[in-house]
Amino acid sequence: MVQVAVMGYGVVGSGVVEVMSEHRDSINKRTKEEMGIKYILDIRDFPDSPFQDKFTKNFEDILNDDEVKVVAEVMGGVHPAYEFTKQCLEKGKSVVTSNKELVATKGAELLKIAKQNNANYLFEASVGGGIPIIRPLSQCLAANEVIEIAGILNGTTNFILTKMIREKMSFADALAMAQQLGYAERNPAADVEGHDAGRKISILASLAYGKHVYPEYVHTQGITEITLEDVAYAASWGGVIKLIGQVKRLEDQTLDITVEPMFVEKNSQLANVDDVFNGIMVRGDSTGDVVFYGKGAGKLPTASAVVADIMDCAKHLKRRKYLEWADGDGSIVKPYAETTYPVYIRVACEDKQAAFQKAQELFANVSALVRANAGGNELAFVTDEMTVARQEKAVQALEEAGYQVLSKIRISDL
Ligand code: HSE
């Protein structure tokens, strides 16, 4: 009998318990083990739950019970998830998690502790919800040098942008709807300000390049400043705005890693990933582009990935899975100001022609964009590729010349 403990009975935790109970027979058959949930840890009471006998508020019950071999940490947040995970691993219990914040900030350390204690720390659910991406990247694509990973990694923001693009819905209404549907983080700022996607690209980069790329090394920008005007200009340019997490290995072997809204051409595969769906493109030197697509958030898709990790741990008790990376100090990351790309800029102006001339003078070569009902008091244009440092200097000069910069969005090469 392999006894499991579930720490956290929120959206994902209740999904884990549901999937394990409903699929009990097939799970037992596939793992060739009798699997059971012995504890559910939560500080709240759930008087109507059919799993009454399993609830505990005391972490020590789990830690000190040698029958518990696998622990699912689905609490979210760094504390106390970090302390609980560390203690479980030190006791030789394997831990699985959907907690991208914890993996992104403490992954190298926890993987090391797991190794020292001959246990596993698995986190398939931490990126892409129900989409398999961690295992494919660490196992199936292991013969490749990863040239680039780019993806729509946050379901909530993709849902919001899709509603803005298709239905011209306001940002606030779309966010409220995403929250109601259970997609958003406890604090939706983590979604809309890009931190959730930042944690996910940080995990993928660490896995692909073998060194921990902490979220603070990732240039991170969310979608809170995207307007319906920008959406219209993106359409006239021939694409859509998507929140993209991207890491590319540059010729000098540094990483260009970022999370930011980008213009994506409409024939790109990622442009057609809509609603709560996530899409992740991995470019390998041998495989070329491999794209993963599916539901990146929500109770059951995420629970499915957590339960698969629980099963994997049960099948590999006291055997290590090959999942690890070394600690990193950020020296592998290219400073954001030195990265290069073309950019879309929208400015307020009184004389469109004069504004265009000024833009040409400052950015060298620009192409104006049009949108319906724009009126004469704004100018939108796209530049050629240039460093962020040069873009910022030109933006400052535009402002000094009296043109208020309303928007500035990266043009992707996807
Ligand atoms: N809030 C996250 C999202 C949940 O919307 O993608 C899944 O990580």
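In case you missed it, the structure is sitting above this.
Below is a short write-up of the structure. The model shown is predicted, which means the values in this text are computed figures rather than measured ones.

The strand order across the open sheet built from six strands is E3-E2-E1-E4-E5-E6, with neighbouring strands paired in parallel fashion. The two strands at the open ends of the sheet, each matched to only one other strand, are strand E3 (55–56) and strand E6 (121–122). In the sheet, strand E1 (residues 2–7) pairs with strand E4 (residues 68–73) via five bridges, with the strands oriented parallel. Pairing of Gln3 across the sheet is with Val68, part of E4.

Buried within helix H11 (residues 228–237) are the following residues: Asp230, Val231, Tyr233 and Ala234. Considered in projection along H11, the buried side chains sweep an arc of 165° and stay on one side of the axis. Of the residues flanking the end of H11, it is Gly238, one or two places downstream, whose phi is positive at about 110°.

Tallied over the entire structure, the rule returns 29 salt bridges. Here Arg44 and Asp42 are joined by a salt bridge, their closest N and O atoms 2.9 Å apart. Residue classification places Arg44 among the partly exposed residues on the basis of a relative accessible area of 44%. Across the pair Arg135 and Asp312 runs a salt bridge, and its minimum N-O distance is 2.7 Å. Of this pair, Arg135 sits in helix H6 (residues 134–140) while Asp312 sits in helix H12 (residues 299–315), placing them 177 residues apart in sequence. Residue Arg135 is classed as partly exposed on the basis of its relative accessible area, which comes to 22%. Assessed through its relative accessible area of 8%, Asp312 is described here as buried.

Reading guide: rules and limits
- Residues numbered from 1 in each chain as written.
- Predicted model: local features only at pLDDT ≥ 70, side-chain atom pairs only at ≥ 80, totals over all residues.
- Heavy atoms only, no water.
- Pairing = 2+ DSSP bridges.
- Helix = DSSP H or I, 4+ residues; strand = E, 2+ residues; numbered from the N terminus.
- Buried < 20%, exposed > 50% of the residue type's maximum accessible area, 1.4 Å probe, protein only.
- Arc of directions from axis to C-beta.
- Salt bridge = Lys/Arg side-chain N within 4 Å of Asp/Glu carboxyl O.

Read these as geometric descriptors, not functional statements.
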